[in-house]
Structure formats: C-alpha cells, structure tokens
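# Commentary on secondary and tertiary structure
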Amino acid sequence: MTGQVVVVGSANVDLVVDVPRHPGGGETILGGDLRRTPGGKGANSAVAAARAGGADTTFVGALGRDESADLLLASLERAGVRTDLVSRVDAPTGTALITVSPDGENAIVVAPGANARLELTATQVERIAHADVVLAQLEIPLDMVRAAAAARRPGARMVLNAAPSQDLPGDVWAALDLLVVNEYEAADLAHTQAAPEELAAALLERVPAVVITLGAEGSLVAQRDREPVRVPGVKVAAVDTTGAGDTFCGVLAAGLARGLDLAGAARLAGAAAALAVTRPGAQDAVPTVAEVEESAK
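Cut-offs used in this document
Residues numbered from 1 in each chain as written. Predicted model: local features only at pLDDT ≥ 70, side-chain atom pairs only at ≥ 80, totals over all residues. Heavy atoms only, no water. Helix = DSSP H or I, 4+ residues; strand = E, 2+ residues; numbered from the N terminus. Rg over C-alpha atoms; globule rule 2.2 N^0.38 Å. Contact = heavy atoms within 4.5 Å. UniProt positions renumbered as here; feature names shortened; annotations may be inferred. Axes fitted to C-alpha atoms, helices over the stretch in contact; angles between N-to-C directions. Left-handed = near helix turned anticlockwise from the far one by under 90°. Nonpolar A, V, L, I, M, F, W, Y, C, P; charged D, E, K, R; others polar.

## Focus: the overall build of the chain
- Secondary structure assignment for the chain yields 10 helices and 14 strands.
- Relative to the compact-globule value of 19 Å for 297 residues, the chain shows a C-alpha radius of gyration of 18 Å, a close match.
- Each principal axis of the C-alpha atoms in the chain carries an extent, and together these give about 50 × 45 × 40 Å.
- Considering only intrachain contacts with a sequence separation of at least 6, the fraction spanning at least 24 residues in the chain is 64%.

## A look at the UniProt feature "domain: Carbohydrate kinase PfkB" (unreviewed entry) in the chain
- The feature "domain: Carbohydrate kinase PfkB" (unreviewed entry), as given by UniProt, occupies residues 4-288 in the numbering adopted here.
- For residues 4-288, helix accounts for 32% and strand for 24%, while the C-alpha atoms at its two ends are 18 Å apart.

## Points about the environment of Ala149
- Topologically, Ala149 is positioned in helix H4 (residues 142-151).
- Along the sequence, Ala149 and Leu135 sit 14 residues apart, while their C-alpha atoms lie 9.1 Å from each other.
- Beyond its immediate chain neighbours, meaning those up to four positions away, Ala149 contacts Met158 and Ala175.

## Section: the environment of Ser101
- Within the secondary structure, Ser101 sits in the loop between strand E7 (94-100) and strand E8 (106-111).
- In this structure, the C-alpha to C-alpha distance between Ser101 and Asp18, residues 83 residues apart in sequence, is 6.0 Å.
- Apart from the residues lying within four places of it in its own chain, the contact partners of Ser101 are Val19 and His22.

## Focus: the packing of helix H8 (residues 244-257) against helix H9 (residues 262-276)
- Between H8 and H9, whose axes approach to 8 Å, the crossing angle comes to 145°. For the crossing formed where H8 meets H9, the hand is right-handed. Packed against H8, whose contacting residues are Ala244, Thr247, Phe248, Val251, Leu252, Gly255 and Leu256, the element H9 presents Leu262, Ala265, Ala266, Leu268, Ala269, Gly270, Ala272, Ala273 and Ala276 at the interface.
- Classifying every residue of the contact of H8 with H9 by side-chain character gives 13 nonpolar, 3 polar and no charged.

This is the structure in structure tokens:
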C-alpha cells in the first residue's frame, strides 16, 4: 500500500551561506560561497513523502512566474511529486535566507512571496478529497490550512506541522487530527516551559495526537487515552539541519498513508531526518525509501 498524500504548503528558493557563527544584531560577518537550492517547508515535505516515504504525493502550492519557480518544479518532479496542481501567480516565488554554522544549526528568514497568495481551486480541493493524509504547515495563510482541512474526506488524517510557530485559533485546533512540532513550538503553543511529556499532555487537550520532535534525541509520540512513546533518535554527525523537520513530517505522513501506526511512522520519519542532516541542503538531502528502511533497521 503506497497511500495518497497531499501537501498543501510553501515552496521557497533557499539562499544558503555557511558561517563560522550566526551574527548578532548589527553585526556583519564573512561567510562562505552562496548556494541556491530548492526548499520551502511544504515542498520539502512533499519531496520527502514521495522520495523517502514512497507515497503517491501531490504538492499544492503557489509559485511565481520566474526562474526560481522552474527550479522548484524541477526538483519536485525529480522526486516523483505530482505538480499538475501547482498555481502560478503574479508575485515572486518565495525565498528563504539561511545561514548554517559549523555544527549544522541554521537560522532562517523567509520572504513568503507567492506563498502568501495561495488560494485553493476546485480542482485542488477535489485532489485533497481523495487523499489519505493531508499535510500543511504555517508558511501559507491560515485560511488555506482551514480550507485544506475542510476539503479532506471522512477518515482522512489532517496533519499540521505548526511551523513557523504561531498561536492557533480554536477552529483550526478542532480541524486537526495530528499536530507535529519541535520542543520550542510545543512550548509556544502550550504557553509553558516544561518537559516534552508535560507539553504533550497540555497539547492533547486541544488535538487528538501529537508528535514532538526532539532533534538528536528522537521524538515523543502522544495520543489521547494511551501512554506516550519515546522513539529514540539515530546518532549521526550533522552537516546541515535545514529541512530535517520537513523530511520528518513528509515521511511521517507517508507512513500513515501506507497504514503504519503513529509510532511506526515516527520511527521511519526519524530515520529519514537523521540521514537528511548528514547532507547539505533541504530537498537535495532527502534520502530514498531504500536508505530509510535500511537505516530504520
């Protein structure tokens, strides 16, 4: 079973510079050569769902009418993602400005561009209605998250990767089946600083299931009326963490669409994310299904 995943989200061209350390306010530092690579939380997750997760994956997003859009479409199509429903709008394609320090940690500023102009068409809504899992993020207008959730069929899962972090209205919480966040985003949404298990318990008051990613420590899987499960991380030497969370989300969605339980899907997702951080870039770093399955053993 491959399962069908529709990712409703952002696509950006990443402008990446390696730096000896991230600059402080008002500070200028010298970095390495500029790299220009395909990215964006939605597009990254779609590439991961298809290439690393093996799901039949459609990307629904908005691109400009520029060369950056061509770069992104080519990357999505190489990964086997369906791009027939990508919208083209009269705005620049989204751009992310990224610095990467020697330990692989990144700092990112996003100019949304075309992403902010995404509006779902009837054809896109119809494709969403056939998906087993719908995955969205917060680099697109919140109304598009609402629309994607409303379009899913009964029994399909609505998954939100609540990044970049922002408060969610009650109707959005009510539309979700699964929330995926890192520790910082979990603390923002729970309005408290606490251990992951406590954060998950607070979030389960709003949503039926939560996965909190814990970096090298793996992830925490929590569902209502069940004991939380710690999924251990895969130890690797990180080169670039850009897109690791997106890879996790895409493979998690693909695993769920293929019929895995949440903890099983999180194990595969963690293995995929660990492989991704050993390589530079976002979409370029996404591993294959075979690599993920071998690592997960």
